[in-house]
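Descriptive structure summary
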Amino acid sequence: MTSTPSREVPQDLQDGTVAARLLAWFDQHGRHDLPWQRGITPYRVWVSEIMLQQTQVGTVIPYFERFMTRFPGVRALADAPIDDVLHHWTGLGYYARARNLHRAAQKVRDEHAGVFPDTLDSLCALPGVGRSTAGAILSIACGVRAPILDGNVKRVLTRLCAIEGDTSRGATLEELWRIAESLMPQKRCAHYTQAIMDLGATLCTRSRPACVLCPLAASCIARAEGSPTRYPSRKQTRRIPERHCQMLVIRNPAGEFLLEQRPPAGIWGGLWSFPEIDSATDAATACDRIAGEPAASLHHGTAFRHTFSHFHLDVSPVHIRVAGLGRHVLEDQRLAWYKPGQRALGLAAPVKKLIDALCPPETAHEP
Ligand code: SF4
């Protein structure tokens with residue numbers, strides 16, 4: 001799909017009417033009681049924005065609250081072990097976000113004396129912070145006139161101005177930034193940012209926009225055309241490849257699980273997972289090789305699929321009991337016996353699911 005040539009932002013969108021209507025709607029119908037809207041600081045806005053990438057508000061709320069309890073400020077986050085950070089991210093997915101969050105907190109601690117920077121460029125220099133996240137931090141926490149352009153806002157703007165083309169790149173992206181910039185009011189920048197995010201999340205939804213309730217309906221070109229869901233342009237769908245693996249669910253006589261820490265980069269980077277082998281490898285031989293302990297019993301569990309953004313992973317669990325503690329486990333720091341509830345480790349999502357099924361959380365010992 002090619003981008004349409006850039007054009008001027010329609011005059012009626014630049015006269016402040018859109019912002020005024022949006023703010024009036026937000027005052028009455030917007031969300032005002034989300035956890036990150038209380039005690040607003042750049043740190044809280046930043047963490048919430050990173051968590052909300054690719055993730056629904058309802059899912060994020062309990063994670064955000066637990067995260068803030070454990071890491072109430074940027075120094076607490078910077079000083080924490082990465083395992084602890086990943087543990088508090090377990091289940092949210094896209095773990096690079098958590099690793100970047102941790103690295104960025106250390107950068108704020110070491111290069112900015114623990115105080116969040118307050119310019120677009122210095123925020124964008126932090127790992128995992130792009131222009132839109134920086135705009136959210138500046139506008140919501142500091143009241144600065146800095147627009148955002150997350151997925152929800154892109155959807156609203158492409159419909160409002162009937163913008164075609166790939167919204168993630170090139171001339172289309174530049175045009176959207178120009179529109180975002182020109183719509184942003186001089187005052188009430190924090191509320192405006194929250195308002196346009198809310199509009200995208202609650203009314204201008206992907207498949208069923210509630211145009212009859214929308215405060216921008218009179219200005220919206222997509223609505224006038226009668227086909228709002230035509231925008232944003234659909235990306236061409238590609239077939240997602242499939243991969244297969246076996247996960248060795250090895251337990252010792254104490255009922256502990258053998259976990260292996262994954263390399264820092266790549267899928268589930270830095271998280272703890274069951275040892276993984278390819279489908280053709282013999283599981284009993286692999287158990288002996290990895291743990292240094294022969295399998296005392298072995299049975300194959302029910303296979304399941306875990307889907308990433310770019311491939312499906314079909315997992316065949318192999319349940320293995322061993323009689324000892326494994327001579328390799330003590331020697332290799334990347335191997336550990338894990339008892340649920342006793343140690344804060346970041347777990348890959350399917351691993352947590354399997355452990356919860358075998359050892360339900362209410363029966364696990366809490367520290
Ligand atoms: S009128 Fe409809 S399509 Fe246009 S911004 Fe509002 S909800 Fe979205």
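Residues numbered from 1 in each chain as written. Predicted model: local features only at pLDDT ≥ 70, side-chain atom pairs only at ≥ 80, totals over all residues. Heavy atoms only, no water.

Some remarks on the site of the ligand
Condition: Throughout, near means a residue has at least one heavy atom within 4 Å of the molecule or strand. With a 1 Å grid laid over protein atoms only, a set of points is called a cavity when a 1.4 Å probe fits there but cannot get out and a pocket when it is open yet has protein on both sides within 12 Å along at least five of seven lines; lining residues have an atom within 4 Å of a point. For this analysis, a molecule is said to be in a pocket or cavity if more than half of its atoms are within 2 Å of the grid points defining it. Side-chain classes are defined by residue name, with Ala, Val, Leu, Ile, Met, Phe, Trp, Tyr, Cys and Pro counting as nonpolar, Asp, Glu, Lys and Arg as charged, and the others, Gly among them, as polar.
In the vicinity of the ligand, the residues found are Arg159, Cys204, Cys211, Cys214, Ala217, Cys220, Arg223 and Pro228. In this structure the site holding the ligand corresponds to the largest cavity. A breakdown of the residues in the shell around the ligand according to their chemical character gives six nonpolar, no polar and two charged.

Re the environment of Ser207
So the rule is basically this: A run of DSSP states H or I qualifies as a helix once it reaches four residues; a run of E qualifies as a strand once it reaches two. Both are numbered from the N-terminal end. Burial classes: relative accessible area under 20% of the type maximum marks a residue as buried, over 50% as exposed, and values in between as partly exposed (1.4 Å probe, protein chains only).
By secondary structure assignment, the location of Ser207 is in the loop between helix H11 (189-203) and helix H12 (221-225). On the accessibility criterion, Ser207 (57% relative accessible area) is exposed. Sequence separation between Ser207 and Arg230 is 23 residues, and the spatial gap between their C-alpha atoms is 9.6 Å.

Describing the pattern of salt bridges
Note the threshold: Should a side-chain nitrogen of Lys or Arg be within 4 Å of a carboxyl oxygen of Asp or Glu, the pair is scored as a salt bridge.
Counted according to the given criterion, the structure contains 16 salt bridges. We note a salt bridge from Asp84 to Arg70, for which the minimum N-O separation is 2.7 Å. Here the residue Asp84 occupies a position in helix H5 (residues 82-89), and Arg70 occupies one in helix H3 (residues 57-70), the gap between them amounting to 14 residues. Look at Arg70 and you get partly exposed, because its relative accessible area is 30%. Across the pair Arg305 and Glu242 runs a salt bridge, and its minimum N-O distance is 3.1 Å. One end of the pair, Arg305, is in strand S6 (residues 304-307); the other, Glu242, is in strand S1 (residues 242-251), and 63 residues separate them in sequence.

So, the pairing of strand S2 (residues 257-261)
The criterion, for reference: Paired strands, in this sense, are two strands between which DSSP finds at least two bridges.
Relative to strand S8 (residues 335-338), S2 runs antiparallel, the two being bridged by four bridges. Within S8, the position partnered with Phe257 by the bridge is Tyr338. As paired strands, S2 and strand S3 (residues 272-273) are joined by two bridges and run antiparallel to one another. If you follow Gln261 over to S3, its bridge partner there is Trp272.

Let's talk about the layout of surface pockets
Unfilled space is identified by rolling a water-sized probe across the atoms. Stated formally: Grid points are joined across faces, edges and corners, and a volume is the space filled by probe spheres set on the points.
A volume near 1700 Å³ is recorded for the largest pocket. Contributing to the lining of the largest pocket are 45 residues, with Gln54, Gly151, Asn152, Arg155 and Arg206 lying nearest its centre. When contributions to the lining of the largest pocket are tallied by element, the ones reaching two or more residues are helix H2 (42-52), helix H8 (131-142), helix H9 (151-160) and H11. With five residues, H11 is the largest single contributor of residues to the lining of the largest pocket. Class assignment of the residues belonging to the lining of the largest pocket gives a composition of 13 nonpolar, 21 polar and 11 charged.

Observations concerning the domain arrangement of the protein
Selection rule: Where each domain starts and ends follows an automatic or database-derived domain assignment. The contact rule is simple, with two residues in contact once any of their heavy atoms fall within 4.5 Å. Here the buried area means the combined drop in accessible surface, using a 1.4 Å probe, for two parts upon being joined, counting both sides. What qualifies as a polar contact is a pair of N or O atoms within 3.5 Å, subject to a donor-acceptor requirement within protein and to the restriction that residues adjacent in sequence count only when both atoms come from side chains.
Taken as a whole, the protein is organised into domain 1 (11-230) and domain 2 (242-363). Contacts between the two partners involve eight residues from domain 1, matched on the other side by 15 residues from domain 2. Summed over both partners, the interface of domain 1 with domain 2 buries about 880 Å², with 55% contributed by carbon and sulfur atoms. Taken together, the connections running from domain 1 to domain 2 amount to zero salt bridges. For the pair domain 1 and domain 2, the interface holds six residue pairs in polar contact (both at pLDDT 80 or more). With four residues, the single largest contributor to the side of domain 1 that touches domain 2 is H5. Tallied by class, residues from the side of domain 1 that touches domain 2 come to three nonpolar, two polar and three charged.

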